[in-house]
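Coordinate analysis (summary)
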Amino acid sequence: MTQFLKIIPWLLIALLGAFALSAIALNRGENISALWFITAALCVYALAYRFYAAWLAATVLVIDETRATPAERLDNGRDFVPTHKWVVFGHHFAAIAGPGPLVGPTLAAQFGYLPGTLWIILGAVIGGCVQDMVILFLSTRRNARSLGQMARDELGPLGGTAALIGTFTIMIILIAVLGLIVVNAMKHSPWATFTVSATIPIAMIVGFYMRYLRPGQVLEASLIGVLLLLLSVVGGRYIDADASLRLIFDREGLTLAWWVMAYGFAAAILPVWLLLAPRDYLSTYMKAGTITLLAIAIITLQPTIKMPAITPFIDGTGPIFGGKLFPFVFITIACGAISGFHALIASGTTPKLLNNERDIRMIGYGGMLLESFVAIMAMIAATVLEPGVFFAINSGVGVVGADAAMAVAKISSWGYPVTLEHMQLLAKQMGEETLFARTGGAPSLAVGMASIFGSAFGESLLALWYHFAIMFEAIFILTTLDAGTRVGRFMLQDMLGNIWPKMGETSWTPSVLFTSALVVSGWGYFLYIGVIDPNGGVNILWPLFGIANQMLAAIALCVGTGILIKSGKQKYAWVTGLPLTWLIIITSTAAYQKIASTDIRIGFFAAANDLSDKLAAGSLSLEKAEIAPQLIFNLQFDAWLTIFFISLLWLIVFDMLRVAVRVLNGQAVLPLTESPHSPSRLVEDWVRD
Amino acid sequence: MIKKSDSKLLSLATAPILGQPPSFLKKAWRLLRRLSGDDAYERYLAHYAAKHSGNDEHPLLSKAEFFKQWQDEKWQGIKRCC
């Protein structure tokens with residue numbers, strides 16, 4: 001009877017969730033409240049966490065509370081420290097949540113709200129959360145080894161090398177696309193450019209304060225930093241209003257791209273305490289604060305979704321990026337549903353803090369649920385805009401034309417009416433000169449957030465909210481950019497160290513300068529091309545990033561599936577095998593289309609050929625003819641890069657299958673590297689800190 | 001050796017972060033300090049007292065020295081993703 005009573009609340013949650021999901025899915029043509037999205041997501045998360053994650057922990061992974069974790073066994077008071085689960089959760093979430101779940105859903109909203117929302121919710125509970133939890137578990141059982149090390153130890157050298165190369169290339173693409181998003185948000189916007197530039201000296205002040213002025217007073221320094229950041233948002237308005245000052249910050253995309261590259265190089269060689277560490281603090285506070293504020297605003301204001309459930313662009317003709325609903329909605333959403341990058345944090349970093357194995361469910365599975373929820377909020381912020389406005393902001397000039405009147409006519413002809421007056425008024429309200437063709441997702445997200453916040457705190461503050469949102473996005477995009485460049489530098493030094501040991505010395509200045517320059521020119525190249533591309537660049541780079549990120553997730557799931565099979569848990573191998581199969585299908589299909597499609601908006605080779613034909617025929621404008629050779633080279637290069645990614649993926653899939661077949665045939669494989677059981681001394685009544 | 005002022009910090013650091021202490025606000029404040037690393041030195045002192053006290057091989061670091069090492073070490077490896 002009591003058993004039955006316990007089930008009742010869960011039945012109610014299931015009913016409510018099913019009702020909310022059908023309200024979202026079956027709604028046609030009527031306006032729907034954002035509250036349904038939140039309800040559907042939270043009900044599915046609760047059920048998945050209560051039942052699926054619990055089953056994974058108890059039956060598949062067989063979590064052992066009595067087993068000492070690496071943090072306990074190797075406790076050195078520094079990197080290995082047993083830590084309270086909420087603190088680990090905070091660190092883990094701060095590490096996995098970046099700009100990805102904000103940008104992906106914004107771009108995917110071109111298909112309508114429904115496909116993206118469903119994938120964010122279902123992809124997370126079946127794929128992303130499982131990946132994060134399984135990898136966290138496996139790394140915890142292996143002295144907190146990294147994904148690459150686990151791949152090498154458990155599958156073989158091939159898997160290890162693939163994971164390493166995969167990580168490095170995805171980092172390059174990721175930084176390039178993030179750089180492009182920031183550049184597009186700052187282009188010809190003195191206010192945004194000033195605010196974003198101001199974050200650099202502010203970070204330095206904070207860094208200096210906590211290193212020398214008041215050593216270790218982290219919170220004190222951070223508070224000063226946050227106040228200065230808010231001040232810089234307000235201050236931007238005065239810069240924008242001043243005729244001579246605004247000229248300093250009113251820049252072309254290309255100039256800003258060079259600035260971002262110079263910044264990335266400086267961040268990679270400067271000491272961490274001066275720039276990276278303090279910026280990271282500020283970005284974490286801004287992220288936590290803004291996301292909480294957005295959640296409260298959406299729940300209390302319940303904004304209405306204006307975007308239809310499904311748009312005609314599912315046929316592949318969308319203005320933001322080319323390609324059909326399948327597979328590109330899955331590639332575009334990326335981090336909000338499943339992200340290979342998380343496997344790098346879940347292995348190596350987080351396990352060193354884990355107090356007890358029972359926390360794995362909350363941190364691995366729960367952390368990703370929260371990330372998925374952030375993606376749902378980004379989807380809401382994008383779809384509360386009038387669809388016409390959404391498409392006007394996000395469509396590149398290559399698609400709708402550089403002339404505003406033409407763009408408005410074209411977008412209205414798709415069935416999403418928008419007027420020039422409306423766009424001008426909106427731009428004026430946001431304190432911008434224009435909002436046309438501000439591709440990359442950040443400006444439209446900022447307009448969406450500003451309109452949600454604006455309706456709560458007054459319309460007169462719209463411009464402030466817009467620039468606050470831009471600053472909020474830029475600060476953690478730049479955090480990923482500088483941390484990524486630095487990590488890329490370390491990885492490159494490590495790789496080159498195998499050839500020439502001197503290069504491996506991380507503090508040898510020539511090596512530091514050389515490898516930093518190499519990493520920056522790697523992503524700088526893609527950023528440069530992205531900026532000069534009249535289609536906005538994001539339409540090329542984001543799918544490339546999506547493919548790379550999902551490929552890394554497939555590598556992580558291969559490691560998970562391989563180890564499950566090796567541990568004699570064949571009958572449960574589907575928990576990672578199922579999302580793995582799906583990822584292989586979507587990445588392979590997307591890669592195939594990016595390589596072989598004859599549609600010039602999808603296929604890289606097709607676009608390159610089309611452009612060179614036009615160039616040869618002389619039908620390009622002088623301006624376009626000038627950059628055409630670079631664009632042609634880049635398109636071909638991107639095609640080969642895609643071929644490289646997909647080969648890497650299949651290589652590791654076959655390697656995993658080879659191991660699996662050998663296990664099933666009773667042949668010898670590499671031994672399991674799980675560290676032996678040692679009982680935890682941290683008994684039940686031990687006060688956990 | 002641990003100074004008197006440090007032992008006060010020490011008791012703060014070893015207090016349970018989400019145990020039975022007085023109010024919710026205090027708990028939240030402790031959680032924030034722990035998350036941000038604001039209390040890292042206090043935790044180091046506690047760790048030092050438990051593991052290395054009276055050990056000449058590991059001299060007790062001052063707050064500034066400790067913070068330097070702590071910060072530099074925290075920034076090895078992959079910390080942020082997309």
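As a convention, each chain's residues are numbered from 1 in the sequence order in which they are written. Key to labels: chains lettered from A, ligands numbered from 1, both in the order written. Residue-level local features of this predicted model are given only where pLDDT is at least 70; pairs of side-chain atoms are given and counted only at 80 or more, and the full residue set underlies all totals for whole chains, interfaces and linings. To get the side-chain values, all heavy atoms of the structure are used, and hydrogens and water are removed first.

What follows concerns the overall build of chain B. Each helix is a run of DSSP H or I of at least 4 residues and each strand a run of E of at least 2, with the numbering of both proceeding from the N terminus. From N to C terminus, chain B includes four helices and zero strands. Ordered by position from N to C terminus, the α and β elements of chain B give α-α-α-α. Carbon together with sulfur atoms contributes 58% to the accessible area of chain B, which is approximately 4800 Å² in total. With residues, only the protein chains shown are counted as cover, and all accessible areas are computed by Shrake-Rupley using a 1.4 Å probe.

With that out of the way, let us pick up the overall build of chain A. For chain A, the count of helices and strands is 27 helices and two strands. In terms of principal-axis extent, the alpha carbons of chain A reach across some 70 × 70 × 60 Å. Whether two residues are in contact is decided by their heavy atoms: any pair within 4.5 Å suffices. A sequence separation of at least 24 residues applies to 82% of the contacts in chain A between residues at least 6 apart. Total accessible area computed for chain A in this model is approximately 24900 Å², and 68% of it derives from carbon and sulfur atoms. Two residue types count as positive, namely Lys and Arg, and two as negative, namely Asp and Glu; His and chain ends fall outside the count. A single reference atom marks each charge: NZ on Lys, CZ on Arg, CG on Asp, CD on Glu. Separation of charge centres in chain A, based on 41 positive and 41 negative side chains, amounts to 7 Å.

What follows is about the confidence of the model for chain A. pLDDT measures how confident the predictor is about each residue, on a scale from 0 to 100. On average, residues of chain A score 92 in pLDDT, and 99% of them are at 70 or above. In this model, residues 684-689 of chain A is a region of pLDDT below 50 whose contacts with residues beyond four sequence positions or in other chains number 14 contacts.

Moving on: the pattern of salt bridges. Residues and elements named next belong to chain A. Salt bridge, as applied in this entry: a Lys or Arg side-chain nitrogen positioned within 4 Å of an Asp or Glu carboxyl oxygen. Applying the stated criterion to the full structure yields 22 salt bridges over all chains. Measuring nitrogen to oxygen at the nearest pair gives 2.7 Å for the salt bridge that ties R141 to E357. Linking R141 in the loop between α6 (113-140) and α7 (147-154) with E357 in the loop between α15 (342-346) and α16 (360-383), this pair joins segments that are 216 residues apart in sequence. Residue classification places R141 among the buried positions, given a relative accessible area of 6%. D240 is the partner of R246 in a salt bridge, and the nearest nitrogen-oxygen pair spans 3.2 Å. In this pair, the class of R246 matches that of D240, namely buried. A single salt-bridge network, built from bridges that share partners, covers R67, R141, E357 and E674. Each residue is placed in one exposure class: buried if its accessible area under a 1.4 Å probe, protein chains only, is under 20% of its type's maximum, exposed if it is over 50%, and partly exposed if it falls in between.

As a further point, take the state of the cysteines. All names here are of chain A. Criterion for a disulfide: a pair of cysteine sulfur atoms at a distance within 2.5 Å. In total, this model carries zero disulfides over all chains according to the counting rule given. Not engaged in a disulfide, the cysteine C129 finds its nearest cysteine sulfur in C335; these two sulfurs lie 14 Å apart. A residue is classified by how much of its surface remains accessible, and C129, at 0% relative accessible area, is buried.

Turning our eyes to something else, we now look at the environment of H58(B). Mapped onto the elements, H58(B) comes out in the loop between α3 (40-51) and α4 (63-74). With residues near it in sequence (within four places) discarded, H58(B) still touches Y48(B) and H52(B).

All names here are of chain A. Here a cavity is any set of points on a 1 Å grid over the protein atoms alone where a 1.4 Å probe fits but cannot get out, and a pocket is any open set with protein on both sides within 12 Å along at least 5 of 7 lines; a residue lines the site when it has an atom within 4 Å of a point. Grid points are joined across faces, edges and corners, and a volume is the space filled by probe spheres set on the points. Counted according to the given criterion, the structure contains seven cavities of 30 Å³ or more. Taken as a whole, the largest cavity spans an internal volume of roughly 60 Å³. If you go around the largest cavity, you meet 13 residues; those closest to its centre are I320, N394, T439, N535 and N539. For the lining of the largest cavity, the residue count by class is five nonpolar, eight polar and no charged. Classes in brief: Ala, Val, Leu, Ile, Met, Phe, Trp, Tyr, Cys and Pro nonpolar; Asp, Glu, Lys and Arg charged; the others, Gly included, polar.

Attention now moves to a nonpolar patch on the surface. Residues F4(A), L5(A), I8(A), L12(A) and L15(A) make up a contiguous nonpolar surface patch of roughly 510 Å² in combined accessible area. Accessibility expressed as a relative area gives 33% for I8(A), which makes it partly exposed. Note on patches: the residues involved have over 30% relative accessible area and no salt bridge, like charges join within 9 Å, and the nonpolar side chains Val, Leu, Ile, Met, Phe, Trp and Tyr join within 5 Å.

This next bit is on helix α20 (residues 420-429) of chain A. Residues and elements named next belong to chain A. Every buried residue of α20 is listed here: M423, L426 and A427. Angularly, the buried residues of α20 cover 100 degrees about the axis, an arc narrow enough to put them on a single face. Seen from the buried face of α20, the exposed residues on the opposite side, beyond 90 degrees, are E421 and K428. Tucked into the core, α20 has its buried residues touching α17 (387-394) and α21 (442-457). Phi for G431, located one or two positions after α20, is positive at around 75 degrees. For this quantity, the arc is that covered by the directions from the helix axis to the C-beta atoms.

Residue and element names in this part refer to chain A. Angles shown run from 0 to 180 degrees and are taken between the N-to-C directions of axes, each axis being a line fitted to C-alpha atoms and, for helices, limited to the stretch in contact. In contact at an axis separation of 9 Å, helix α9 (residues 190-213) and helix α22 (residues 462-499) are set at 40 degrees when each is read in the N-to-C sense. In terms of orientation, α9 lies oblique with respect to α22. Between α9 and α22 the crossing geometry is right-handed. Contacts between α9 and α22 involve W191, A192, T195, V196 and T199 from the former and A463, L464, H467, I470, M471, A474, I475 and L478 from the latter. Looking at the contact of α9 with α22 residue by residue, the classes come out as 10 nonpolar, three polar and no charged. Throughout this description, any angle smaller than 35 degrees is read as roughly parallel, any larger than 145 degrees as roughly antiparallel, any in the 65 to 115 degree range as roughly perpendicular, and the remainder as oblique. Less than a right angle of anticlockwise turn of the near helix away from the far helix marks a crossing as left-handed, whereas a clockwise turn marks it as right-handed.

This part is about the confidence of the model for chain B. All names here are of chain B. A residue-level look at chain B finds 66% of positions with pLDDT of 70 or above and a mean pLDDT of 73. Averaged pLDDT values for the elements of chain B fall to 45 in helix α1 (residues 4-14) and rise to 89 in helix α2 (residues 24-36). Every residue in residues 1-15 scores below 50 in pLDDT, and together they form 20 contacts with partners more than four places removed in sequence or on other chains.

What follows deals with the interface of chain B and chain A. If you look at the interface, chain B gives 33 residues, while chain A gives 51 residues. Its salt-bridge partner being D72(B), residue R211(A) comes within 3.5 Å of it at the nearest N-O pair. For the side of chain B that touches chain A, the secondary structure elements donating two or more residues are α2, α3 and α4 of chain B. The greatest single-element share of the side of chain B that touches chain A, amounting to 10 residues, is contributed by α4(B).

To continue, consider the environment of K51(B). Residue and element names in this part refer to chain B. Turning to its location among the elements, K51 is positioned in helix α3. Given a relative accessible area of 49%, K51 falls into the partly exposed group. C-alpha separation for the pair K51 and D72, spaced 21 residues apart in sequence, amounts to 22 Å.

Residues and elements named next belong to chain A. Geometry of aromatic contacts follows a simple scheme: Phe, Tyr and Trp rings, the Trp one being its six-membered ring, pair when their centres are within 6.5 Å, and the pair is stacked under 30 degrees between planes, edge-to-face over 60, tilted otherwise. Scanning the entire structure with this criterion turns up 43 aromatic pairs over all chains. Taken together, a centroid distance of 5.2 Å and an interplanar angle of 35 degrees make the contact between F391 and Y416 tilted. With a gap of 25 residues between them, F391 in helix α17 and Y416 in the loop between α19 (404-413) and α20 connect regions that are remote in the sequence. As far as burial versus exposure is concerned, F391 and Y416 are alike and both buried. Aromatic pair W542 and F545: ring centres 4.9 Å apart, planes at 55 degrees, arrangement tilted. Here the residue W542 and the residue F545 both occupy positions in helix α24 (residues 538-566), the gap between them amounting to three residues, near one helical turn. Under the relative-accessibility criterion, W542 is labelled buried at 1%. In this structure an aromatic cluster arises from ring pairing among F313, F390, F391, W414 and Y416. Geometry around F51 places R50 over its ring, the cationic atom sitting 4.7 Å from the centre. Looking at K594, its charged tip hangs above the ring of F604, at a distance of 4.9 Å from the centre. Either the NZ atom of lysine or the CZ atom of arginine qualifies as a charge over a ring when it sits within 6 Å of the ring centre and within 35 degrees of the ring normal.

Here the focus is helix α5 (residues 100-108) of chain A. Most of α5(A) is tucked away, with nine of its nine residues classed as buried. Among all positions in α5(A), only G100(A), P101(A), L102(A), V103(A), G104(A), P105(A), T106(A), L107(A) and A108(A) are buried.

To continue, consider the environment of L620(A). All names here are of chain A. Structurally, L620 is set in the loop between α26 (604-617) and α27 (622-664). Through-space distance from the C-alpha of L620 to that of R145 is 54 Å; in sequence the pair is 475 residues apart. With residues up to four places along the chain from it excluded, the contact list for L620 reads L611, K614, L615, A625 and A628.

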